[in-house]
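Residues per chain are reported as follows:
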Amino acid sequence: MARLVVMGGGVSGHTAATFAKKWLGNDHEVVVVTPNSLWNWIPSNIWVGVGEMTKEDVTFPLAPVYAKAGIDYRQAKAVSIHPNGGTNSDKPYITIQYTGQGKEGQTEEVAYDYLVNATGPKLNFDATPGLGDGNGQLGSNTVSVCTADHAVHANEELQKIFDKAKTQKQKILVGTGHGMCTCQGAAFEYIFNIEHEARKAGVRDNLDIQWISNESFLGDFGIGGLHMKRGGYAASSRLFAESLYSERGIPWIIGAHVNKVEAGKAHYELLDGSMNEIEFDFAMLIPPFAGVGLKAYDKDGSDMTDQIFAPNGFMKVDANYAAGAYENWKASDWPRTYQNPIYKNMFACGIAFAPPHLISKPMSSPNGTPINPTPPRTGMPSGIIGKTVAHSICDLIKEGPNAHLHEASMAEMGAACVASAGKGLLDGTAAALTVYPVVPDFEKYPGLGRDLDYTFGEIGLAGHWIKHILHHMFIYKAKLNPGWTLIPE
Amino acid sequence: MKEIEKYVKPYDANFTTMIPTGFVKYMRTCVIWQIIRFIMINIKMLIVVRKSHG
């Protein structure tokens, strides 16, 4: 009997673990180690953040789902990896520290035959002074929608602003809280949902709503933007993004590295090197992501973290990390199997794998400050990669070490994305987008990097209906309800 | 077009962007049209999803 240990129970880890258990059956063991007791459909957190959904609407308990699936669930955080075993055994293992199940604080060693790192990101609030509290958590100057609890808090603060806006002007700032952030999409959705709710509440005229982000142009979204066929043109996402911001009366600051946050004030550096500040009454600034801080130790206890993890804390996989300058980047730099190059029984998926480089063109200010979006690895690609990794590991277990590994390069897969611009059965809107491939391939598609037949986008009520249906569909799938495997990632 | 009058100022950043006309905005929430778009978008997305699942 082989044992697969999956670290992380988010979109990618949950997908990997549940498919692996389905394919392996009871002949082999699947263990999930995740510090959370609840599964969270993160794309709907923005609706919690404006009071249109509750925490209960976007989460469910993991324990009964894993019990039903026959998955060994440990509510714990992974602390370290020992790929060569320890002093008493050559068997590789990880150490975990419980966060629940009545064993809070206890540590344990969990041996594995195969390991999947799907630990997701550390929300690195402290990378920006004043954005965090100094202990790695969200500080008191801004709010966040990165977790369901954060979103509940964000809505509480937002409602106070809406109340004040009945009688006086209020300033709202939404965007990215550091020059190296990803997840502009979540901030994009949140700012337009705030604007939509403000109209419904009759306070829009008293709100100055401002966008700030590290993108070099609106509509970059960390994927270098995209082009869509429209009116006989291949039109840039910049046109559509700027149009939407203009239509909704939201001015934008772009190319910004927020370098300090105080109560009611954000300081930022622009790509031209200038230093600026902006005041706010309410701010939601996405933090940069980093690896969760896993360590790796050799058999003798020596630290070998730098062999397995990139400096940003994400796990090295079969990517080309020596591509160099932007001009040298190729689609083939991107990983295909997500297998660690040193330890073939170790894989990483979702946000946890180290990308070879950015997708957007690197930018920096004259002061040397890097200001560019980092690559998104969430949503549909995250689920597909998780399933692909599970497929490879199942084949390795069943067919032996020479089994063919399955592949899912982000430079060869597309993504469907629905970004809400306001919730409502008849007055909601969302931008429905597909992009193919996620990572532009300028050799295969010279000029624009993508296939215009499969890259499109439009905004409207239909997009909102799709986002709402996806909310229910993916929670249904994640609960492993009947027919769950028929719903694509 | 009230939004244009309200938000767009000459030579501001948003002066050089596309601004949707009233007709375009109406069609975004026109239920009949959006039902058609719902079907079309789903078909397009399913094609991309199918292509991406190897």
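First things first, this report covers the structure right here in the doc. What you are looking at is a predicted structure, and each value in this text was computed from that prediction instead of being measured.

## Points about the interface of chain B and chain A
Contact residues are listed per partner, giving 27 residues for chain B and 42 residues for chain A. Together, Met18(B), Arg28(B) and Met45(B) form the three largest contributors to the area buried by chain B at its contact with chain A, with a combined 20%. In this structure, the connection of chain B to chain A is made through four salt bridges. Across the pair Arg28(B) and Glu247(A) runs a salt bridge, and its minimum N-O distance is 2.8 Å. Here chain B is connected to chain A by nine residue pairs in polar contact (both at pLDDT 80 or more). Those elements that place two or more of their residues in the side of chain B that touches chain A are helix H1 (2-7), helix H2 (22-28) and helix H3 (31-52) of chain B. If you tally residues by element for the side of chain B that touches chain A, the top one is H3(B), at 14 residues. Partitioned by chemical class, the residues of the side of chain B that touches chain A number 13 nonpolar, seven polar and seven charged.

## Quick word on the environment of Thr374(A)
Residues and elements named next belong to chain A. Relative to the assigned elements, threonine 374 resides in the loop between strand S21 (346-348) and helix H9 (379-399). Judged by its relative accessible area of 16%, threonine 374 falls in the buried class. Along the primary structure threonine 374 and phenylalanine 221 are separated by 153 residues, whereas in three dimensions their C-alpha atoms are 9.1 Å apart. With sequence-adjacent residues up to four places away left out, threonine 374 is seen in contact with Met180, Cys181, Thr182, Gly222 and Leu358.

## Here we look at unusual backbone geometry
All names here are of chain A. For the peptide bond that leads from tyrosine 436 to proline 437, omega is -10°, which places it in the cis range. The topology assignment puts proline 437 in the loop between strand S23 (429-435) and strand S24 (456-460). If you check the backbone angles, leucine 480 has positive phi at about 60° while not being a glycine. Mapping leucine 480 onto the fold places it in the segment after helix H10 (461-478).

## Structural notes on the environment of Gly13(A)
All names here are of chain A. Following the sequence through the fold, glycine 13 ends up in helix H1 (residues 11-24). Judged by its relative accessible area of 1%, glycine 13 falls in the buried class. Between the C-alpha atoms of glycine 13 and proline 288, which are 275 residues apart in sequence, the distance is 21 Å. If we skip the residues at most four places from it in the chain, glycine 13 touches Val6, Gly8 and Ala118.

## A few points about the packing of H1(A) against helix H4 (residues 62-69) of chain A
Residues and elements named next belong to chain A. In the contact formed by H1 and H4, the axes pass within 10 Å of each other and the chain directions differ by 25°. Classified by the angle their axes make, H1 and H4 are roughly parallel. In this structure, H1 uses His14, Thr18 and Lys21 to contact H4, whose residues at the interface are Leu62, Val65, Tyr66 and Ala69. In the contact of H1 with H4, the residues fall into four nonpolar, two polar and one charged.

## Here's the deal with the sheet that holds S24(A)
Residue and element names in this part refer to chain A. Reading across from one edge, S22-S23-S24 is the order of the three strands in this open sheet, with antiparallel pairing throughout. Because the sheet does not close on itself, it has two edges, and the strands there are strand S22 (415-422) and S24. Across this sheet, the average inter-strand angle for adjacent strands is 10°, counted without regard to direction. Note that S23 and S24 share five bridges and pair antiparallel. Paired with alanine 432 across the bridge in S24 is glutamate 458.

## A closer look at the packing of aromatic side chains
Considering all chains together, one arrives at 17 aromatic pairs over all chains under this definition. Judged by centre distance (4.9 Å) and plane angle (65°), the rings of Phe188(A) and Phe192(A) are edge-to-face. Highlighted residues: Phe188(A) and Phe192(A), both in helix H6 (residues 184-201), separated by four residues, approximately one helical turn. Classification of Phe192(A) as buried rests on a relative accessible area of 0%. Ring geometry for Tyr11(B) versus Phe15(B): centroids 5.2 Å apart, planes at 40°, classification tilted. In this structure Phe15(B) comes out as partly exposed when scored by relative accessible area, which is 39%. Its end group placed over the ring of Trp47(A), Lys467(A) keeps NZ or CZ at 5.5 Å from the ring centre.

Criteria and cut-off values
Residues numbered from 1 in each chain as written. Chains lettered and ligands numbered in written order. Predicted model: local features only at pLDDT ≥ 70, side-chain atom pairs only at ≥ 80, totals over all residues. Heavy atoms only, no water. Contact = heavy atoms within 4.5 Å. Buried area = accessible area lost by both parts, 1.4 Å probe. Salt bridge = Lys/Arg side-chain N within 4 Å of Asp/Glu carboxyl O. Polar contact = N/O pair within 3.5 Å; in protein donor to acceptor, adjacent residues only side chain to side chain. Helix = DSSP H or I, 4+ residues; strand = E, 2+ residues; numbered from the N terminus. Nonpolar A, V, L, I, M, F, W, Y, C, P; charged D, E, K, R; others polar. Buried < 20%, exposed > 50% of the residue type's maximum accessible area, 1.4 Å probe, protein only. Axes fitted to C-alpha atoms, helices over the stretch in contact; angles between N-to-C directions. Parallel < 35°, antiparallel > 145°, perpendicular 65-115°, else oblique. Pairing = 2+ DSSP bridges. Phe/Tyr/Trp six-rings, centres within 6.5 Å; stacked < 30°, edge-to-face > 60°. Lys NZ or Arg CZ within 6 Å of the ring centre and 35° of its normal.

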